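Summary of structural features
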Protein chains: 2
Amino acid sequence: MKACILAIGSEMLTPFRVDTNSLFITDRLNTIGYDVRLKAVVADEIGELVRVIESALDWADLIVITGGLGPTEDDMTRDAVARVLNVPLDVDETIVDRIRERFAKRGMTMPEINQRQAMVPRGADVLANPNGTAPGLWLEKGSTALVLLPGPPREMKPMLEAVIALRLAPGSHGRGLFRRVLKITGRAESDVDAQAQPVYGRWTTQAVPISTTILAVLGQIELHLTVQAASQAEADIVLAAAVQELQAALGTSVYSVDGRALEAVVGDLLRERKLTVAIAESCTGGLLASRLTDVPGSSDYVDRGVVCYSNQSKTDLAGVPEALMREHGAVSEPVAQALAEGIRSRAGTNVGIGITGIAGPGGGSPEKPVGTVSVAVIVGADMRVRTFQFIGGREMVKFQAAQSALNMTRLLLLGLPGGREWAERK
Amino acid sequence: MKACILAIGSEMLTPFRVDTNSLFITDRLNTIGYDVRLKAVVADEIGELVRVIESALDWADLIVITGGLGPTEDDMTRDAVARVLNVPLDVDETIVDRIRERFAKRGMTMPEINQRQAMVPRGADVLANPNGTAPGLWLEKGSTALVLLPGPPREMKPMLEAVIALRLAPGSHGRGLFRRVLKITGRAESDVDAQAQPVYGRWTTQAVPISTTILAVLGQIELHLTVQAASQAEADIVLAAAVQELQAALGTSVYSVDGRALEAVVGDLLRERKLTVAIAESCTGGLLASRLTDVPGSSDYVDRGVVCYSNQSKTDLAGVPEALMREHGAVSEPVAQALAEGIRSRAGTNVGIGITGIAGPGGGSPEKPVGTVSVAVIVGADMRVRTFQFIGGREMVKFQAAQSALNMTRLLLLGLPGGREWAERK
């Protein structure tokens, strides 16, 4: 089943707005077996709107249109659809009453202009909007269904869920696209793909084929596995086997197969082991502590963090000896280690993490260029320290450094080697 | 001049990928006077590709197509364009040689399949790709120009810049869309719009009309002003006057008219005044320190930060008396003030910031629900403390708290009242 998603509105065609509605819609449609083949953002211009809708009617089983249902002259989704279907627009008095009531509840009179929102192409079913004035519309033309929804996500999302539950899902009989995501860190994309491709390459020809997408963002690689299956149960069996095969091939660099972020994975390991953590970070400037505390319930294991930007603060807050910084430089493995040890013993936690590096753009030298970061992690009697050379600008270096510190912590907590993959990047 | 942007590739139609290329392309095209009327993401299917391109040829002066220029069978942008223009595909031996050379440089032999990348629709101009194997293509059909570029941003961006400089900009004679962005914080969108609308409403009918878009994200509102002008100089005059008018209407809640982020604005104020800052944060978990240190050169004024997640750490790191927490609770204005004072006196900085609150989802109470945050800022002898009630989940509360702390710091540094807008949110 082929679907098309259209977002209407000139404001969506500026350089400032990303259409994120379509990601949500795609995800929800995929689960009931619709394959999104085209998505478009169209200006508030009736001619262009009509052309795009007409062209989608040629091939799509479902067209979801968001936006352009407001009360102003710019809102012409209703008019465009009526023109394409060649039907008149009628005023629906029930809608007028409902809008008038919404205004009345806030002690306001409905502006005349809002009457436009009650115009309905003849033959359409009205979809209730519990969170706004613009109702949605359901229409059919031949074998194609058209769903018109308002643009604001908090109005659109519950309305789409209702349309799926009541009108679309029953036809899919449980059939749909099902997904799993493996998250990987500490390795290059090409390296991951070289190891994973022989595995997922075989899956394209099996009875229930799996398609695989590799998505590399900084400091993290995601493998998205998708199957079209007759039921959730069938998909679960196929995907569980696939995930296992990939984990076997990729080893301990896979940190999550259930969508959890790396900071949540580390947090869960700390909680399970009833451990607490303290952090002393320099170049990451608080990012590591902030990521760890993004996780709900992290106050169970995060005791404290210190951001030691000045050398004096490294001594004050984590007891790093001045002489150590003079001898090795503030960015060095001994200083990373002293930060981790110092904050851990002062806080009395089980785990200590120390980070020191050069985030740039200034501060680099031939021996220690921008992007040089030393990380130390201590868990009980175990200590690991590594030096990385990261690429990119200031925020990219900060993110990669925090990511590497989290991954080193994960591996040490699991008793796994920090391993070869790190040495390569040194 | 009307433009259409097409992104080709089924992987762009999953729920995981946002098309950000089109934002860059829109921005660059706007500056030379092109108005983007449609953008679409199309699956790797020649039929659909042909249909979309054909439809755009009817109305667009410029069609920019990204992606689908790789070496595999899935890459069919070249084939689709050749079919639409009804011309054959020829092998361009110069391209073959160049690709072969790229592989040879890395000690590799060009795979046969890469020969596909040298297929050129007859009549096309080849656009050099300094960062990859896929060359771009320039074609014309009637009065419409088609520009084909590879999908990866680091290949696409310099190629688009070259096409604009050499082929598109000369025709615009300096004419284009020019923009200014005002950034505002500490106020509700409806409130800002009510004050700004009477101002920008007048601009739509003036000699050089300005269109205004209001963009509200959490803790921040942006007003985007756009003019279509004959030259940068003409636009500068119109926009400078408009910015001044809006600043007069909106007052000190406007923190930036030059694109700077709030943390950079605060950083510049600190640097100008030769002041240093230390931060003691609880519920924001390091986010405030991390945002301040996202700014290049922030080591000039950020001395240190402490993340006091446990009550013990509030005492250890910022000298907050246990009795004070017992009396008022850890989330209270006296504790925020003690955090700011404690970290400031220990660090010996000019400015101290203290934040304590309940980020949720747990930890709330009827008197202090989730989202309650107290912030204190001290600059020399001046102190200001406020309590906010923020909406949203954990990360939203963290962001708004950091944003409010930055804004309080900005206003105090400028000697401006922290004012009424805060009291409203209390």
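The next thing to look at is the overall build of chain A. The helix and strand inventory of chain A stands at 14 helices and 17 strands. Here chain A has a C-alpha radius of gyration of 28 Å; the compact-globule value for 426 residues is 22 Å, and the former is much larger. Principal-axis analysis of the C-alpha atoms gives chain A an extent of 85 × 60 × 40 Å. The buried share among the 426 residues of chain A stands at 47%. Within chain A, residue pairs in contact and separated by at least 24 positions form 66% of the contacts whose partners lie at least 6 positions apart.

This part covers the sheet that holds strand S12 (residues 254-256) of chain B. Residues and elements named next belong to chain B. Strand order across the open sheet formed by four strands is S10-S11-S9-S12, with antiparallel pairing between neighbours. Two strands lie at the open edges of the sheet, namely strand S10 (210-217) and S12, each paired on one side alone. Across the sheet, the mean angle separating the axes of adjacent strands is 35° when strand polarity is ignored. In the sheet, strand S9 (residues 176-184) pairs with S12 via two bridges, with the strands oriented antiparallel. In the strand pairing of S12, Lys183 is matched with Ser256.

Quick look at the relation of the copies chain B and chain A now. Superposing chain B onto chain A requires a rotation of 180° together with a translation of 0.1 Å along the rotation axis, leaving an RMSD of 0.1 Å. What the rotation and shift describe, once combined, is the action of a two-fold rotation axis. Same-surface contact between copies: 100% of interface residues of chain B are shared with the interface of chain A.

Residues and elements named next belong to chain B. Two elements in contact, helix H1 (residues 21-31) and helix H5 (residues 153-172), have axes separated by 11 Å at closest approach and are oriented at 15°. The pairing of H1 with H5 is recorded here as roughly parallel in orientation. Handedness of the crossing formed by H1 with H5: right-handed. Each of Asn21, Phe24, Ile25 and Arg28 in H1 lies in contact with H5, whose residues at this interface are Pro153, Met156, Lys157, Leu160 and Ile164. Taken together, the residues that form the contact of H1 with H5 break down as six nonpolar, one polar and two charged.

Turning our eyes to something else, we now look at the domain arrangement of chain A. Domain assignment breaks chain A into domain 1 (2-172), domain 2 (176-256) and domain 3 (262-425). Between the C-alpha centres of domain 1 of chain A and domain 2 of chain A the distance comes to 35 Å.

Quick look at the interface of chain B and chain A now. Where interface size is given, it is often the accessible area lost as the parts come together that is meant. Counting residues at the interface gives 52 residues for chain B and 52 residues for chain A. Those elements that place two or more of their residues in the side of chain B that touches chain A are H1, strand S2 (35-42), helix H2 (46-57), S10, helix H9 (287-292), strand S14 (302-308), helix H10 (311-318) and helix H13 (394-413) of chain B.

Here the focus is the pairing of strand S8 (residues 144-149) of chain B. All names here are of chain B. When strand S3 (residues 62-66) meets S8, the two strands line up parallel, connected through five bridges. Counted as the bridge partner of Ile63 is Leu146 from S8. Summarising the sheet, strand S7 (residues 136-141) and S8 pair through five bridges and their orientation is antiparallel. Of the residues in S8, the one forming a bridge with Leu137 is Leu148.

Let's shift gears to the nonpolar core. Nonpolar side chains in soluble globular proteins generally cluster together in the buried interior. With 153 residues, the main nonpolar core has Leu339(A), Val377(A), Ala405(A), Leu339(B), Val377(B) and Ala405(B) as its most contacted residues. A per-element tally of this core places H13(B) first, with ten residues. Other than its neighbours up to four places away in sequence, Ala405(B) contacts Leu288(B), Ile353(B), Ile355(B), Val375(B) and Val377(B). Grouped together as the second largest cluster of nonpolar side chains are 94 residues, Ala43(A), Ala82(A), Val64(B) and Leu146(B) included.

Two residues of an α-helix separated by three or four positions point the same way, owing to the 3.6 residues in each turn. Residue and element names in this part refer to chain A. Look at helix H7 (residues 232-250): 26 Å from first C-alpha to last across 19 residues, which is about the 27 Å you get at 1.5 Å a residue. Among the residues of H7, Ala235, Val238, Leu239, Ala242 and Leu246 are the ones counted as buried. On an axial view of H7, the arc spanned by its buried residues comes to 95°, and they lie on one face. Of the exposed residues in H7, those oriented more than 90 degrees away from the buried face are Ala233, Ala240, Gln244 and Ala248.

Residue and element names in this part refer to chain A. In this structure, Pro361 follows Gly360 across a cis peptide bond, with omega equal to 0°. Looking at where Pro361 falls in the secondary structure, it is placed in the loop between strand S15 (351-357) and strand S16 (372-379). Positioned with a positive phi, His173 is a non-glycine residue whose angle comes to about 50°. Note that His173 resides in the loop between helix H5 (153-172) and strand S9 (176-184).

To continue, consider the environment of Glu245(B). By the element assignment, Glu245(B) lies in helix H7 (residues 232-250). Sequence separation between Glu245(B) and Ile113(B) is 132 residues; the distance between their C-alpha atoms is 60 Å.

With that out of the way, let us pick up H13(B). All names here are of chain B. Its 20 residues give H13 an end-to-end C-alpha distance of 29 Å, which sits within 8% of 28 Å, the value for a rise of 1.5 Å per residue. Most of H13 is tucked away, with 18 of its 20 residues classed as buried. Just downstream of H13 lies Gly415, where phi reads positive at about 70°.

With that settled, consider the packing of helix H2 (residues 46-57) of chain A against helix H3 (residues 77-85) of chain A. For any two helices packed against each other, one specifies the crossing angle of their axes together with the interaxial distance. Residues and elements named next belong to chain A. Closest axis-to-axis distance for the H2/H3 pair is 9 Å, and the angle between their directions is 50°. One element, H2, and the other, H3, form an angle in the oblique class. Classified by chirality, the crossing of H3 by H2 is right-handed. Only Thr77, Asp79, Ala80, Val81, Arg83 and Val84 of H3 make contact with H2, whose side of the interface consists of Ile46, Leu49, Val50, Ile53 and Glu54. The residue makeup of the contact of H2 with H3, split by class, is seven nonpolar, one polar and three charged.

Let us look at the environment of Thr293(B). Along the chain, the position of Thr293(B) falls in the loop between H9 and S14. Along the sequence, Thr293(B) and Ala264(B) sit 29 residues apart, while their C-alpha atoms lie 9.3 Å from each other. Those residues in contact with Thr293(B) that sit more than four places away from it in its chain are Gly285(A), Gly286(A), Tyr309(A), Ser298(B) and Val302(B).

Residue and element names in this part refer to chain A. Most of strand S13 (residues 277-281) sits out of view: five of its five residues are buried. By the bridge criterion, five bridges tie S13 to strand S14 (residues 302-308) in an arrangement that is parallel. Bridge pairing links Ala280 to Val306 in S14. This β-α-β element, S13 to helix H9 (residues 287-292) to S14, shows right-handed connectivity. As judged from the five bridges shared by S13 and S15, these two strands associate in the parallel manner. Along S15, the bridge assignment pairs Ala280 with Gly354.

Attention now moves to the sheet that holds strand S13 (residues 277-281) of chain B. Neighbouring strands of a sheet are bound in pairs by backbone hydrogen bonds; such pairs are parallel or else antiparallel. The strand order across the open sheet built from ten strands is S17(A)-S16(A)-S15(A)-S13(A)-S14(A)-S14(B)-S13(B)-S15(B)-S16(B)-S17(B), with neighbouring strands paired in mixed fashion. Every other strand in the sheet has two partners, leaving strand S17 (382-389) of chain A together with strand S17 (382-389) of chain B as the edge strands with one partner each. On average, each strand axis in the sheet is inclined to that of its neighbour by 10°, with strand direction left out of account. Looking at chain direction, S15(A) and S16(A) are connected through seven bridges and run antiparallel. Looking across to S16(A), one finds that Gly352(A) is bridged to Ile378(A). In this fold helix H10 (residues 311-318) of chain A packs onto S13 and S14 of chain A together with S14 of chain B, with an angle of close to 155° to the strand it touches most, S14(A).

Let us look at the confidence of the model for chain A. On average, residues of chain A score 92 in pLDDT, and 98% of them are at 70 or above. Both scores are available for the predicted complex, with the pTM at 0.85 and the ipTM at 0.84.

What counts, and at which threshold
- Residues numbered from 1 in each chain as written.
- Chains lettered and ligands numbered in written order.
- Predicted model: local features only at pLDDT ≥ 70, side-chain atom pairs only at ≥ 80, totals over all residues.
- Helix = DSSP H or I, 4+ residues; strand = E, 2+ residues; numbered from the N terminus.
- Rg over C-alpha atoms; globule rule 2.2 N^0.38 Å.
- Buried ≥ 20, exposed ≤ 12 C-beta atoms within 10 Å, placed from the backbone.
- Contact = placed C-beta atoms within 7 Å.
- Pairing = 2+ DSSP bridges.
- Axes fitted to C-alpha atoms, helices over the stretch in contact; angles between N-to-C directions.
- Least-squares fit on C-alpha atoms with pLDDT ≥ 70 in both.
- Parallel < 35°, antiparallel > 145°, perpendicular 65-115°, else oblique.
- Left-handed = near helix turned anticlockwise from the far one by under 90°.
- Nonpolar A, V, L, I, M, F, W, Y, C, P; charged D, E, K, R; others polar.
- Domains from an automatic or database assignment.
- Core = buried A, V, L, I, M, F, W, Y, C linked by C-beta atoms within 7 Å.
- Expected span 1.5 Å × (residues − 1).
- Arc of directions from axis to C-beta.
- Right-handed = clockwise from strand over helix to strand, strands pointing away.
- pLDDT = per-residue confidence, 0-100.

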